[in-house]
Structures are given as structure tokens and as C-alpha cells.
Amino acid sequence: MEALAEPNTVTNTAAKERPTVLSGIQSTGILHLGNYIGALSLWAANQSQYNNLFMVANLHTLTVPEAINPRELRQKSREVAALYIACGIDPDESIIFLQSDVPAHTYLAWILGCCTPVGWLERMTQYKVKAAAQETVGSGLLNYPALQAADILIYKANFVPVGDDQNQHLEITRDIAQRFNHLFGEYFPLPGTLNRTSGARVMGLDDPTQKMSKSIAAKKQGHAIALLDTPAVIKKAIMGAVTDAGGDILFESASVGVKNLLVLYEVLSGQSRPAIEANFAGKGYGALKRELVDLVVTTLEPIQAKFNELMSDDQQLDELLSTGATRASVIANQTVADVRKLVGV
Ligand code: AMP
Ligand code: TRP
């Protein structure tokens, strides 16, 4: 026992120095360039600065149970985890796991749900949109933000990197944490939101007034670029993207469609706005689109190769997820033990 004391202390001290980051993506539909730019690429880029936890939010997927095919959900959850790694999340640097493999999340979600006024939940934009599309609305869809708050607070995460459509869920997470702290004593730190300054909301290629989304992508070709799309499909979607009748390539004055293409180019190339404007001066939208096709194809090629490699070895992926769940559970179970004491159960 003595021999273990010292290394453990060292690990814990190192852990305390780095802020904790947690994020997740639901295991529905097809991951697209919006998910990559708004979330995944941001997670991968900042990994070394934080203690990271990245989960596949497969329990959130159950909030619309009518859409569930159990076999597909199981497969999709593994695919999303494989895409995390393929997009550059290093399983040694970051804890990668399935939400459902750490049951402490749902335990804490119950307690946090009890502290969450229904009025707050009913005001959530995502709830209103999703509930309007359902014939029957399950209480899980309403309580969705309490589970998301539990995902974050259970690791006392300091930052949550997400696209800007998730900002409202982060605000309610802070409100729930504050209400818990007020009722039971100061315990949860309030998590901050990490959005990209450029690219936090990638728009649909077919209709740049709409956010690029998994649900529209499932119904309409040319709306999104899926991370697993072939070069031919990528080319068709980008060359067909809605622009306008002008031709100048300037970030400030661009219409929404052109601005969307420019932001994609900016984030994927890592070039500055003046450099991009100088590169495309006088060349027109066709040139921008052609160069963007090449950039997207070369960005996605290594991701697709790594994804295929990971999906060809079930055992390796299962072991990786099992290790992730074990590592996450150690932290999550401790929080639940503390919370049980605080609330008196
Ligand atoms: P979802 O597809 O709703 O499960 O979202 C997973 C993550 O990707 C969240 O962090 C979202 O905010 C982010 N995201 C989804 N769509 C977009 C988009 N069009 N632009 C930027 N980020 C996005
Ligand atoms: N609600 C998020 C989405 O749809 C997914 C999610 C679940 C999440 N739990 C989370 C994101 C915790 C960040 C942190 O994209």
C-alpha cells in the first residue's frame, strides 16, 4: 500500500493543475463537417492543455425512442467513438467512453432533475423544436438537459467545447449547478463554454440560413458533408453550394453562403483572412469552391483511413472503450458518493 501512495499523489497533483474538459456527441445520424469544425477538431487541438473526457452520448439518443433500432444504435455508438479517435482524439491523452457504460451519470441526472424547475426545461429551444416534431413526447426529452448537466458536473468539468447551438444547454447546466449548490452546499464548479471564434456554426451548403444538421442531412443530399463521404460526393456538395450573383471574396461583405465557404476554408487551412482574400482576389467563387473541395478531401482522407482501420478490429475498440469507462467511473463514482452524502441518501 505504501508503495502506491507516492505515484498516486503525483498523478493527482498533475491532474489538479490542468482544467478538466468534457464533451460529447449523440450517436444518431451521420457525423458531418459541422460536428468536426464546431466540436471534434476543437477537442483534438486543445487536448494537451486539459484533462479530457469525451463521451458518446448514447443515452441522449434514447430521448426519441421511436427512432431507435437497437442494433443500429449499438453500431453507431462504436462508430462515433472510432470517429473521435480518427479525428485526432488520443485515447492515451483523453478518456473516451460510452455514456451508458458509466451508470453514475443517470444516478446524478435524477438528483439534478429533482433540482430543475420544469419551466427551465420547457424553455429550451432544442426541446421545443424536437417536441414539435413528435406525436408523443417522452419525459426524457424534457429532462435531456438534466442528463447533460450530470455528464458535465459529474467530472466537475471546467470547460465544455461545443458548437454554439449547445450554448443554451451549457447555460442551464450552470443554473442547475447553482441551484444544487444553493440547496445542498457549494459543491459543483460552474463550467465554461468553449466555442470556436470562427466556425462555431457551420451552415447548410444547400441553404446557408440553416445550421448544417444531422437530421436535414439524413433527408437531403447536398446539405452536409459527412465525415465518411467519398471525394465525388464532397465535390458535388461543395460545387453545388448556394452562393450569390456577386464574385468578390471578402469576409466582411460576403453573403451567408459565401461566408460559410470562406469560414470552412479558413478553419481547415489554418490561413489568416487577409491571406485567403489575397489568394482568391479576382478569381471568383468557382476557384474558392474548387480549392475547398481539395482541402476537405485531404482533411477527411486520413480520418477515413484511420476510421476504417479502427472499425476492422472490434476487440481493440471494445477494450479501448472499456478502459475509458473504467477510468471515467472512478471520477464519476466519487462525485456520486459525495452528492449522496450532501443530499442525505
Ligand atoms: P449534434 O450533431 O447535435 O450531436 O452535435 C454534436 C456537436 O457538434 C455539438 O458540440 C454541436 O454544437 C456541434 N455541431 C453540430 N452541428 C454543428 C454545426 N452546424 N456547426 C458547428 N458545430 C456543430
Ligand atoms: N447535447 C449534445 C448534442 O446534442 C450532446 C451532449 C450530451 C453533450 N451530453 C453532453 C455535449 C455534455 C457536451 C457536454 O450535441
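Draft legend 1. Expanded view of a nonpolar patch on the surface. On the surface, Leu-183, Phe-184 and Leu-342 cluster together into a nonpolar patch covering about 230 Å² of accessible area. Assignment of secondary structure puts Leu-342 in helix α15 (residues 314-343).

Draft legend 2. Structural view of the side chain of Ser-213. Its place among the elements puts Ser-213 in the loop between β5 (192-194) and α10 (214-219). When near neighbours in sequence (up to four residues on either side) are disregarded, Ser-213 contacts His-32 and His-223.

Draft legend 3. Focus on the pairing of strand β2 (residues 51-57). Counting buried positions along β2 gives 6 out of 7 residues, so the element sits mostly inside the fold. Since strand β1 (residues 20-26) and β2 lie parallel, the crossover through helix α2 (residues 33-45) that links them has a hand, and here it is right-handed. Pairing of β2 with strand β3 (residues 94-98) involves 5 bridges; the strand directions are parallel. Paired with Phe-54 across the bridge in β3 is Ile-96.

Draft legend 4. Geometry of the confidence of the model for the protein chain. For the protein chain, the mean per-residue pLDDT works out to 94, and 95% of the residues sit at or above 70. Contacts from residues 1-15, a stretch scored under 50 in pLDDT, to residues over four places away or in other chains number 1 contact.

Draft legend 5. Spatial organisation of empty space enclosed by the protein. Applying the stated rule across the entire model yields 2 cavities of 30 Å³ or more. The calculated volume of the largest cavity comes to roughly 50 Å³. Lining the largest cavity are Leu-121, Met-124, Gln-126, Tyr-127, Leu-141, Leu-142, Tyr-144, Pro-145 and His-169. Counting residues per element, the ones that place at least two in the lining of the largest cavity are α7 (125-132) and α8 (139-153). Broken down by element, the lining of the largest cavity gets its largest block of residues, 4 residues, from α8. Tallied by class, residues from the lining of the largest cavity come to 7 nonpolar, 2 polar and no charged. Empty space within the second largest cavity amounts to approximately 30 Å³. Together, Val-21, Leu-42, Trp-43, Asn-46, Tyr-50, Asn-52, Pro-161 and Leu-194 line the second largest cavity.

Definitions and cut-offs
- Residue numbers here run from 1 along each chain, matching the order of that chain's written sequence.
- In the order they appear in the text, chains get letters beginning with A and ligands get numbers beginning with 1.
- Whole-chain, interface and lining totals are the exception, using all residues; otherwise, since this is a predicted model, local features are given only for residues with pLDDT of at least 70 and side-chain atom pairs are given and counted only at 80 or more.
- The side-chain numbers reported here are obtained from all heavy atoms of the structure, hydrogens and water having been left aside.
- Only residues above 30% relative accessible area that lack a salt bridge enter a patch, with like-charged residues linked at up to 9 Å and the nonpolar side chains Val, Leu, Ile, Met, Phe, Trp and Tyr linked at up to 5 Å.
- Areas reported as accessible are Shrake-Rupley estimates using a 1.4 Å probe. Residue values count occlusion only from the protein chains shown.
- By definition, a salt bridge exists where a carboxyl oxygen of Asp or Glu is found within 4 Å of a side-chain nitrogen of Lys or Arg.
- A run of DSSP states H or I qualifies as a helix once it reaches four residues; a run of E qualifies as a strand once it reaches two. Both are numbered from the N-terminal end.
- By definition, residues are in contact when any of their heavy atoms lie within 4.5 Å.
- When accessible area is computed with a 1.4 Å probe and restricted to protein chains, residues below 20% of their type maximum are described as buried, those above 50% as exposed, and intermediate ones as partly exposed.
- A crossover counts as right-handed when, viewed with the strands pointing away from the observer, the path leading from the first strand over the helix to the second turns clockwise.
- Here, strands pair whenever DSSP counts at least two bridges between them.
- Every residue is assigned a pLDDT by the predictor, reflecting its confidence on a scale from 0 to 100.
- Lining residues are those with an atom within 4 Å of a point, where the points come from a 1 Å grid over the protein atoms alone and group into cavities, where a 1.4 Å probe fits but cannot get out, or pockets, open sets with protein on both sides within 12 Å along at least five of seven lines.
- Grid points are joined across faces, edges and corners, and a volume is the space filled by probe spheres set on the points.
- Classes in brief: Ala, Val, Leu, Ile, Met, Phe, Trp, Tyr, Cys and Pro nonpolar; Asp, Glu, Lys and Arg charged; the others, Gly included, polar.

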